[in-house]
Amino acid sequence: MSDGLSPNLQHLETSTTIAISAEAKRRKAAGEDVIDLGAGEPDFPTPPLPAEAGIKAIRDGRTHYPANEGILELRAAAAKHLSLLSGGRPVNADHIVVSSGSKQSLFNACFALFGPGDVVAIPAPAWVSYPQIVHLARGRPVLVPGELEWSLKVSVRDLERMLPAPKGLILCSPCNPTGGVYTHAEIKAIAQWGRDRKVWVIADEIYRRIHYGTGPAPSFLDLPDELLERVVVIYGVSKAYAMTGWRIGLGLAPPAVAKAMCALQSHTTSGANHPAQYAAAAAFADERVEADVARMVAEFRKRRDLVVNRFRQELPGAEFVEPLGAFYFFFRVDSFGKIAGTEFCTRLVTQSGVALVPGAAFGDDRWVRLSYAAATPDIVRALDRIIEFAKKLGD
Ligand code: PMP
Ligand code: GLU
C-alpha cells in the first residue's frame, strides 16, 4: 500500500482469487484461449424459482430500504432451513443478520468480536480473505498449518499448542481451498476447546450443502446449545444456490453479537439488496429448489471424480487432498519439479492457457487450487493441458 493511506490498510492486498478471475476474463476478452478454473463460483444459472421471486419483488415495489437486519421472510426461511439441516434443532430467526454476501457477514463478525492485537487462529491453507478481514479489524491472524496426513485439517491438539489461547478461530468446513470436511466428532472437539478456552469460533459453513458424503456436511449447528455460546455460523446462498451475484449472506450469532453486527452494518451498508432478499427467501423456503441444489451437487460430484481419477491415473504420485466437499481440488506442485505454486500458475496460464490459483493466496505456495465449478468440457480440456504441463516439468 502506498504512503498517505490509513494504517487501517497497512496489510491490505486485493483478493488474489478475484484478481485471477479478472485476469482470466481479460485474457479471454483479448481473444486468448484461456480456461478459467480459478474462479470459485458455480457456472450454473440461478435456479428459476429464486430468480423469479427476485423479479416479482422488483415488480411488487420491494425496492426501498429493507430492514437493517434483513427482511423477516428471509430470516424466518433461513432459520427453518438451518433447523431442518440439523435434524430440527431450534434456530431463532432473531439471531440471524442478513448481509451483502457472507463476506460481509464474516467482516461484521470479525469487526464485532476482534480488536487491536487480538490473536485469531486460522487453519491454513485458508481462504484468502480471512487474514485480510482480521487485519482490517486490527487483529492478528495466526495461521495454524493443517496436518498433511489429515486432509490439511487442524486438530484440537494443534490448537492447544497456541498459548495463551487465541481470542478467535475461523474455521471453514467444507473448506476452501482444500475441499476437506471436518467430521461431527472433530467439530464437537473444537467447539469444546473453544468453550473451555473462551475462544470465539466463526464457523464458515457457506459450502455446507456441497458435500459428497451423506446429507449436508457436519455443522456446528448439530451441536447442543451449551457449545454454541461463542459460535457465529456464517451461511449464504452464493454457492449451493448459484447466487453469487445476488450478494446475500447471513450470520447466525448469539444475541449480543448479532446486535453488534447489525449496528455495525447500520453504519456501513444498511440492509442488503431488498429484492435479492426475496430471491434468497424463495431459495430456502421453496422445496422445489432442493431438486436444483441436488442436481448441481450431483454434477459437482461427477466433476470431482473426473479430476481425481485423471490425476490418479495420469500423474501417479501427485499429492492432493481428497475433496469431500465444496468444489475445489488442492494439489501439490513441488513434487512435479522444483517449482512453487505461483510460478506454476504463471507459466501454466501463459504457456498452456489455464488459470488456477497459487497456494500462496491461501498461505502455502507448495500447492495450487483448481476450481471445478466450470463446464465439464472445459474441465476436460484444462486437465489435458495441466497434465501435459506437469509431465513436462517432471522430465
Ligand atoms: N467464505 C468462503 C470460504 C468463500 O469461498 C466465499 C466465496 N467468495 C465466501 C465466504 C463469500 O461468499 P459470498 O460473499 O458470495 O457469500
Ligand atoms: N470464494 C471464491 C473463491 O475463493 C470467490 C472469490 C472470492 O470472493 O474470493 O474463488
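Description of the structure in this document.

The rules behind each value
Residues numbered from 1 in each chain as written. Chains lettered and ligands numbered in written order. Predicted model: local features only at pLDDT ≥ 70, side-chain atom pairs only at ≥ 80, totals over all residues. Heavy atoms only, no water. Near = heavy atom within 4 Å. Polar contact = N/O pair within 3.5 Å; in protein donor to acceptor, adjacent residues only side chain to side chain. Areas by Shrake-Rupley, 256 points an atom, 1.4 Å probe, with all protein chains shown as cover. 1 Å grid on protein atoms, 1.4 Å probe; cavity = no way out; pocket = protein on both sides within 12 Å on 5 of 7 lines; lining within 4 Å. Sits in = over half its atoms within 2 Å of the grid points. Helix = DSSP H or I, 4+ residues; strand = E, 2+ residues; numbered from the N terminus. Expected span 1.5 Å × (residues − 1). Buried < 20%, exposed > 50% of the residue type's maximum accessible area, 1.4 Å probe, protein only. Pairing = 2+ DSSP bridges. Points joined across faces, edges and corners; volume = space filled by probe spheres on them. Nonpolar A, V, L, I, M, F, W, Y, C, P; charged D, E, K, R; others polar.

A short note on the site of ligand 1
Neighbouring ligand 1 are 14 residues, the closest being Ser102, Asn176, Asp204, Tyr207 and Ser238. The contact in question runs from an oxygen atom of ligand 1 to an N or O atom on the side chain of Tyr207, over 2.7 Å. Measuring from an oxygen atom of ligand 1, one finds a side-chain N or O atom of Arg247 at 2.7 Å. Against a free-state accessible area of 400 Å², the protein chains account for coverage of 93% of ligand 1. When atoms are counted within 2 Å of each cavity's grid points, the one that captures over half of ligand 1 is the largest pocket. When residues of the shell around ligand 1 are assigned to their parent elements, the largest contribution, 3 residues, is made by helix H4 (residues 102-113).

Some words on helix H3 (residues 72-85)
Between its terminal C-alpha atoms H3 stretches 20 Å, which fits the 20 Å expected from 14 residues at 1.5 Å a residue. Of all the residues in H3, the buried ones are Leu74, Arg75, Ala77, Ala78, Ala79, His81, Leu82, Ser83 and Leu85. Where H3 terminates, the next one or two residues include Gly87, which has phi positive at roughly 65 degrees.

Observations regarding the pairing of strand E2 (residues 96-99)
Across the two faces of E2 the burial is the same, with Ile96 and Val98 and Val97 and Ser99 all buried. Strand direction decides the pairing type here: E2 and strand E8 (residues 249-252), joined by 4 bridges, are antiparallel. Bridge pairing links Val97 to Gly251 in E8.

A short note on the layout of surface pockets
Reported here for the largest pocket is a volume of approximately 530 Å³. Surrounding the largest pocket, 24 residues form its lining, Ile18, Gly40, Lys103, Trp127 and Lys239 being those nearest its centre. When contributions to the lining of the largest pocket are tallied by element, the ones reaching two or more residues are helix H1 (16-29) and H4. Ranked by residue count, the leading element in the lining of the largest pocket is H1, at 4 residues. Taken together, the residues of the lining of the largest pocket sort by class into 8 nonpolar, 9 polar and 7 charged.

All we've got here are geometric facts, nothing functional implied.
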